[in-house]
Amino acid sequence: MTTTTSAAPADPESAGLELLVQAAEDATGSSAFRAVLQDLAGLLHAEGALTGLGWVDARLVAAALSFDVCTAADPIASLRGRAAAVRAGRGPRCVNPAGVAQALDVAATVLDVM
């Protein structure tokens, strides 16, 4: 399922987790990362990483996470750096900076134990 980014979905958490997988496939033209990203999405859902975030913030976290998992040499460090930048006010514009930073940190922790 392709998630439309122009309209806010009824369930931002689910849409964000779907975007996590879909963004990697759209960007790479491959499903090579699908299994690991689906596993990651399931763990993030269990941890409630995107719970309470609105669509703008859930989309931002999902896109950053998908990008880092697929391209960063050290995605855990990259996600923790993103979280620190958001907390310091240097990150992208967020509706809920504390929630975004927490979601990025949770994602880094989940990746670290996968």
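Quick caveat, the model's predicted, so the values are computed rather than measured.

(A) Looking closely at helix H1 (residues 12-28). With 17 residues, H1 extends 24 Å between its outermost C-alpha atoms, agreeing within 8% with the 24 Å of an ideal straight helix rising 1.5 Å per residue. Considering bend angle alone, the principal kink of H1 is centred on Leu20 and spans about 30 degrees. Along H1, the residues that are buried comprise Pro12, Glu13, Ala15, Gly16, Leu17, Leu19, Leu20, Val21, Gln22, Ala24 and Glu25. Looking at the buried side of H1, the elements it contacts are helix H2 (34-47) and helix H3 (55-71).

(B) Inspection of the side chain of Asp105 at higher detail. By the element assignment, Asp105 lies in helix H5 (residues 97-113). With near-sequence residues (within four places) excluded, Asp105 lies in contact with Arg80, Ala83 and Arg87.

(C) Geometry of empty space enclosed by the protein. Evaluated as defined, the whole model comprises one cavity of 30 Å³ or more. Every residue along the wall of the largest cavity is listed here: Gly16, Leu17, Leu20, Leu44, Ala49, Leu50, Val61, Ala62, Leu65, Ala103 and Ala107. Elements with a contribution of two residues or more to the lining of the largest cavity: H1, H3 and H5.

(D) Seen up close, the pattern of salt bridges. Evaluation of the coordinates by the stated rule reveals four salt bridges. A salt bridge links Arg82 to Asp68, with the nearest nitrogen and oxygen atoms 2.7 Å apart. Here Arg82, found in helix H4 (residues 75-87), pairs with Asp68, found in helix H3; they are 14 residues apart in sequence, far enough to count as distant. Since its relative accessible area comes to 30%, Arg82 is described here as partly exposed. Salt-bridge contacts for Arg80 lead to Asp105; the nearest nitrogen and oxygen are separated by 3.7 Å. Of this pair, Arg80 sits in helix H4 while Asp105 sits in helix H5, and the two are 25 residues apart along the sequence. Note on Arg80: relative accessible area 34%, which makes it partly exposed. You can call Asp105 buried: its relative accessible area is 19%.

Criteria and cut-off values
Residues numbered from 1 in each chain as written. Predicted model: local features only at pLDDT ≥ 70, side-chain atom pairs only at ≥ 80, totals over all residues. Heavy atoms only, no water. Helix = DSSP H or I, 4+ residues; strand = E, 2+ residues; numbered from the N terminus. Expected span 1.5 Å × (residues − 1). Bend = angle between axes of the 7 residues up to and from the residue. Buried < 20%, exposed > 50% of the residue type's maximum accessible area, 1.4 Å probe, protein only. Contact = heavy atoms within 4.5 Å. 1 Å grid on protein atoms, 1.4 Å probe; cavity = no way out; pocket = protein on both sides within 12 Å on 5 of 7 lines; lining within 4 Å. Points joined across faces, edges and corners; volume = space filled by probe spheres on them. Salt bridge = Lys/Arg side-chain N within 4 Å of Asp/Glu carboxyl O.

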